[in-house]
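Each chain, written out:
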Amino acid sequence: MLMNENTTITMKDIARELGVSVATVSRALKDSPRISEVQRQRIKTYAREHNFFPNVIAESLRLSKVTPPKIIGVIIPQIAHYYFSTILSGVEEQATVRGYRIMVAQSDEHYDREKRICESFLANRVCGVIVSQAKDTTKYDHFQELINNHVPLVFYDRICTGINTNRVVVDDYMGAFTAVTHLIQTGCKRIAFYGSPMQLEISKNRYNGYHDAMLKHGLKPDQSLQLICDNRSDAEKMTPKLLQREDRPDGFFAVNDDTAIGILYTAKRMGFRVPQDVSICGFTNGERAIACDPMLTTVEQRGHMVGEEAVDILVNHVEGITPLDKVVKKVVRTRLIVRGTTR
């Protein structure tokens, strides 16, 4: 039988090609001592070369005689991150409403781990995958493999620009533009930008919002005030150098709340008054935004809604309501929440 690279093979296919029984293939893949070492390696090698993944869920359900559930695979960069946890909450709730369950895995911001998760999801025959790509992901072969196997894919927050597929994002550009406009309108003239690595689409969009707001109001962005800094620890290390300058910034726009809180903590520790001397704006509106003093002005991302939208797009593909070849793109609006760190 001639197979192309996109064909999903079964144990029956392997058995037919190698001239053995399905039971022999099954036992070999499970390392059964009843099958010789030579035969086991022969079958395993063939399976590996033809991208065969044993259907773990189907096998366990067959043995337990339970009806197979509808399972959605969800990949989260960091579960501890407030925004991602709110998205997960929205995914879980809406999946339940639509009659599905979720299988969650954390990439921890690593490409290799993300790739292994995709392979695991494919092996477990999930009906679709919802994912926000890791920071260091620059190759997309693992995502393409899902698509090749007709597994619907929906990106959220950090989208994959290398593949034209479904996505749900917040309006990062307008969120940043509105936040920086607020800083300018309340008296800031030298505004620093703390962002994520620029290979991420959200980083580009938020930077562009910052940049365009500055230009629109007649302010020239200073490249020496634009740093790759997207966590509290780095913010506490980098901010002192900026605040010690004679031409120090009088405002900061940060890519997320944790980074903004790092700026706030550092400015206060150095004796600056917030917001009288330095204004600060974040991006998330997580629980920590109201746990600091003063409370943080920030852009609300509405993660729960992002999660709900992602599930609806995915399930509509799975159930045939939306054709698999139709790419759906949704944008969730942000809103600025003004609190005590801006004038």
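So, here's what we can say about the structure. (Residues numbered from 1 in each chain as written. Predicted model: local features only at pLDDT ≥ 70, side-chain atom pairs only at ≥ 80, totals over all residues. Heavy atoms only, no water.)

### Some details on the packing of helix α1 (residues 11-18) against helix α2 (residues 22-29)
So, step 1. Running from N to C, α1 and α2 point in directions that differ by 110°, and their axes come no closer than 8 Å. By the angle between their axes, α1 is roughly perpendicular relative to α2. In contact with Met11, Lys12, Ile14 and Ala15 of α1, α2 contributes Val22, Val25, Ser26 and Leu29.
So, step 2. Residues that form the contact of α1 with α2 fall into these classes: 6 nonpolar, 1 polar and 1 charged. (Axes fitted to C-alpha atoms, helices over the stretch in contact; angles between N-to-C directions. Helix = DSSP H or I, 4+ residues; strand = E, 2+ residues; numbered from the N terminus. Parallel < 35°, antiparallel > 145°, perpendicular 65-115°, else oblique. Contact = heavy atoms within 4.5 Å. Nonpolar A, V, L, I, M, F, W, Y, C, P; charged D, E, K, R; others polar.)

### Some thoughts on the pairing of strand β1 (residues 71-76)
So, step 1. The element β1 is extensively covered by neighbouring structure, given that 6 of its 6 residues are classed as buried.
So, step 2. Here β1 shows a buried face lined by Ile71, Gly73 and Ile75 and a second buried face lined by Ile72, Val74 and Ile76.
So, step 3. One ladder, built from 6 bridges, connects β1 with strand β2 (residues 101-106); its direction is parallel. Bridge assignment links Ile72 to a residue of β2, and that residue is Ile102.
So, step 4. The parallel pair β1 and β2 is bridged by helix α5 (residues 82-97), and the resulting crossover is right-handed. (Buried < 20%, exposed > 50% of the residue type's maximum accessible area, 1.4 Å probe, protein only. Pairing = 2+ DSSP bridges. Right-handed = clockwise from strand over helix to strand, strands pointing away.)

### Some details on unusual backbone geometry
So, step 1. Put simply, Val274 and Pro275 share a cis peptide bond, and its omega is 15°.
So, step 2. Here Asp293 and Pro294 are connected by a cis peptide whose omega angle stands at 0°.
So, step 3. Of note, Pro294 is situated in the loop between β9 (279-284) and β10 (297-300).
So, step 4. For Asp157, which is not glycine, the phi dihedral falls at a positive 60°.
So, step 5. Of the residues examined, Asp157 reaches a relative accessible area of 6% and is grouped as buried.
So, step 6. The phi angle at Arg302 is positive, at roughly 60°, despite the residue not being glycine.
So, step 7. Locating Arg302 in the fold gives a position in the loop between β10 and α12 (303-318).
So, step 8. Residue classification places Arg302 among the partly exposed residues on the basis of a relative accessible area of 31%.

### Describing the sheet that holds strand β3 (residues 128-131)
So, step 1. One open sheet accounts for 6 strands, arranged β2-β1-β3-β4-β5-β11; its pairing is parallel. Every other strand in the sheet has two partners, leaving β2 and β11 (329-332) as the edge strands with one partner each. Taking each pair of neighbouring strands and ignoring which way they run, the sheet shows an average axis angle of 15°.
So, step 2. Sheet analysis places strand β5 (residues 166-170) next to β11, joined by 4 bridges and oriented parallel. By the bridge assignment, Val169 is partnered in β11 with Val331.
So, step 3. Packed onto the sheet, helix α6 (residues 111-123) meets β1, β2 and β3 and runs at close to 175° relative to β1.

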